[in-house]
Protein chains: 2
Amino acid sequence: MNDSKMIDVARQAKVSVATVSRVLNGSSAVSDKTKKRVLSAIKEMNYAPNASAKNLRSLKTMTLGVVVSDILVSYYAEIIKGIENTANGLNYNILICDAQNRKEKEREYMSLLLNRTVDGMILVTPLLGNEEIRDFADMGCAIGIVGRYIDHPNVPCIYTDNVKASREVVHHLIEEGHERIAFLSGYADAVDSYERLEGYLKALRDARLPFIPELIENGNFNEIGGNEAFRRLMAKDIGFTAVFAANDEMALGVYEACKALSIEIPARMAVVGVDNNRISKYVTPRLSTVDQPKYTMGALLAEKLIDQLNDNAFADKRTFKVDSKLLIRDSSRNRK
Amino acid sequence: MNDSKMIDVARQAKVSVATVSRVLNGSSAVSDKTKKRVLSAIKEMNYAPNASAKNLRSLKTMTLGVVVSDILVSYYAEIIKGIENTANGLNYNILICDAQNRKEKEREYMSLLLNRTVDGMILVTPLLGNEEIRDFADMGCAIGIVGRYIDHPNVPCIYTDNVKASREVVHHLIEEGHERIAFLSGYADAVDSYERLEGYLKALRDARLPFIPELIENGNFNEIGGNEAFRRLMAKDIGFTAVFAANDEMALGVYEACKALSIEIPARMAVVGVDNNRISKYVTPRLSTVDQPKYTMGALLAEKLIDQLNDNAFADKRTFKVDSKLLIRDSSRNRK
DNA sequence: ATGTATGATTTAAGCGCTTCCATGAAGTGA
DNA sequence: TCACTTCATGGAAGCGCTTAAATCATACAT
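Here's what I pulled together on the structure shown here. (Residues numbered from 1 in each chain as written. Chains lettered and ligands numbered in written order. Predicted model: local features only at pLDDT ≥ 70, side-chain atom pairs only at ≥ 80, totals over all residues. Heavy atoms only, no water.)

Attention now goes to the relation of the copies chain B and chain A. Mapping chain B onto chain A is achieved by rotating through 180 degrees and translating by 0.0 Å along the same axis, at an RMSD of 0.1 Å. Taken together, the rotation and translation describe the operation of a two-fold axis. A shared binding surface is used by both copies, with 100% of the interface residues of chain B retained as interface residues in chain A. (Least-squares fit on C-alpha atoms with pLDDT ≥ 70 in both. Contact = heavy atoms within 4.5 Å.)

Right, dumping it as structure tokens:
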């Protein structure tokens, strides 16, 4: 590691540190001659500016924290790619915090903001409650959210209409002839679970189908949870021909359970998930699901948050609703 | 955001900033009475230390950079989980850098080290050449590598025996009766490609089978590459009954190609991959592959690197070879 | 009462930058 | 030539913290 600092470069180029700094930041005029001398001194000494000193002085860190509930879920990983690319393009680094599906961990990570370890934070998680997030924002923390809607003047967010998407899924299932459709929800306190359930209920009402509370089970948004929830459903012996899982991970669990129980998909059981997890198109039968423009969502949010960091105000709008798209594949089609 | 600083806390508690600092860091004795007063002042003022100032003063950042070639690949994501958990446990943050499979991006990210944005860096990529990495290490940069072997006194690394694993795969295929086995390699300049090819060759020699250069194709470690490479192989019309893909992503590409070309796996074509990508057990037929203790590898390396950061020397050993394990599933078995 | 050892606390010097302000040099018009 | 503007550069303060060294307070032995 090279340990030369600005003063060394300055001496070498026979200028003051102020001038070196100016050359580095292009903040104000430096004559071409001097600039050239400084630049070559920098190269010669292999100088690299010390980020901590810069941060301290400028009261910024040029990094964004990204709190994600589970990096292994490709849905999140793609959002993060969008965030990272955009942030890098705007000279920001990102600190990824994998909360491992635990709320306390997410809170813990958010304290990085209070330490000024990061200039702002992007939340990619269904776990934290709206109230908590608003509290942080009220304290003046720069926060942005992707994947859910929050109404707060300082919080940019980008989300899809979960209710609508969910309604579409259930409509599709009803059109395929299903009347008793089970719903696998995620964590009880996650916004997504709630909204997807709402869409499910609306679709039933639209079709004048009865709501049967026994057909609802919670699968905690993960594969094992989905598997177990489906088995509980079967154990009730109430009869149903389709399952709508609030995400693909749980749908995968349903697949496993069906394989174990020798229930054929889609012939005896139609399955639809949400998220268009990368795995969903590799399973057999290919899983019907709802796709979201994940990368774009991440990218857009990063841009907005950084905008806000720089002017302390939103150029235009603050909340963005993007369209999701039902992908009808083999797991819910051609039921004979 | 709270803007109180140490001096405010000090005034409130009627002590000097040095005392506040000592309370915060527990570095030397402070009387219980004073400590209590300081602590309550901190709470009262909602004080949080400024990380940049701390970093500047202590010449550390308590963050590790992690350069990964593609975060979407679950193999890498799991390694990263191991790194992150361990690092967090030791009070380090991690800056994840997704190089999007591009060498230049990786180099670019490594310059973070020179800026002292991070205290050390963990490389999770097959792309960068050994030479380049050694050069960095020679400059005194703290670097660690997971997933490949590098011989440098300052570089901890943890890896699996690619040659052995690869040899095992091919032995297995030969035992299943295959004699003409194609090999799909990754980037020509990746260490993994080279080592896996070596294992392939050794296994052929062990079994006194001829090496047929036409059976080798490069698939760049990704799905599309695997798909295309397999099609090129088929187009040559030289006859082979098994494919060993140097990673699961490429094996997935082979699956797609086989589906398109109506080639049944494993009946007409046995397929084996490497990595035990999460997807591999969901595809039909389930993909035979080689598993590595990914999480543990990441965790162990993070621990070693941080050790090194703190004592500037390795407590015990520096390189770790862990065992990988051939998982024989459906894609290479029961050929009739 | 005096000296000394021990422990608690403060003082003050930076860590390596950025940026405001002052200074100097060069150019312009009268 | 002189007064004034403009542009390039340097001086120096200070971002918020840590830590070595100095100081102060207390207790104890003599």
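Turning next to empty space enclosed by the protein. Under the counting rule described, the total for this entry stands at 6 cavities of 30 Å³ or more. Size it by volume and the largest cavity reaches roughly 130 Å³. Taken together, 16 residues make up the lining of the largest cavity; nearest its centre are L72 and S74 of chain A together with L72, S74 and R278 of chain B. Residue assignment for the lining of the largest cavity shows that the elements contributing at least two residues are α5 (74-89) of chain A together with α5 (74-89) of chain B. Broken down by class, the residue content of the lining of the largest cavity amounts to 9 nonpolar, 4 polar and 3 charged. One number sums up the size of the second largest cavity: a volume of about 40 Å³. Counting residues per element, the lining of the second largest cavity draws most heavily on helix α8 (residues 162-175) of chain A, at 3 residues. (1 Å grid on protein atoms, 1.4 Å probe; cavity = no way out; pocket = protein on both sides within 12 Å on 5 of 7 lines; lining within 4 Å. Points joined across faces, edges and corners; volume = space filled by probe spheres on them. Helix = DSSP H or I, 4+ residues; strand = E, 2+ residues; numbered from the N terminus. Nonpolar A, V, L, I, M, F, W, Y, C, P; charged D, E, K, R; others polar.)

Before going further, it helps to spend a moment on the protein's contact with DNA strand D. Lining the immediate surroundings of DNA strand D are 24 residues, of which T34 of chain A together with M6, S21, Y47 and R57 of chain B lie closest. Among atoms of DNA strand D positioned within 4 Å of the protein, sugar and phosphate together represent 63%. Interatomic distance of 2.6 Å between a backbone N/O atom of M6 of chain B and a phosphate oxygen of DNA strand D. Contact distances for DNA strand D include 3.4 Å between a base nitrogen and a backbone N or O atom of A53 of chain B. Within the residue set of the surface near DNA strand D, elements represented by two or more residues are α2 (17-25) and α4 (51-58) of chain A together with α2 (17-25) and α4 (51-58) of chain B. (Near = heavy atom within 4 Å. Polar contact = N/O pair within 3.5 Å; in protein donor to acceptor, adjacent residues only side chain to side chain.)

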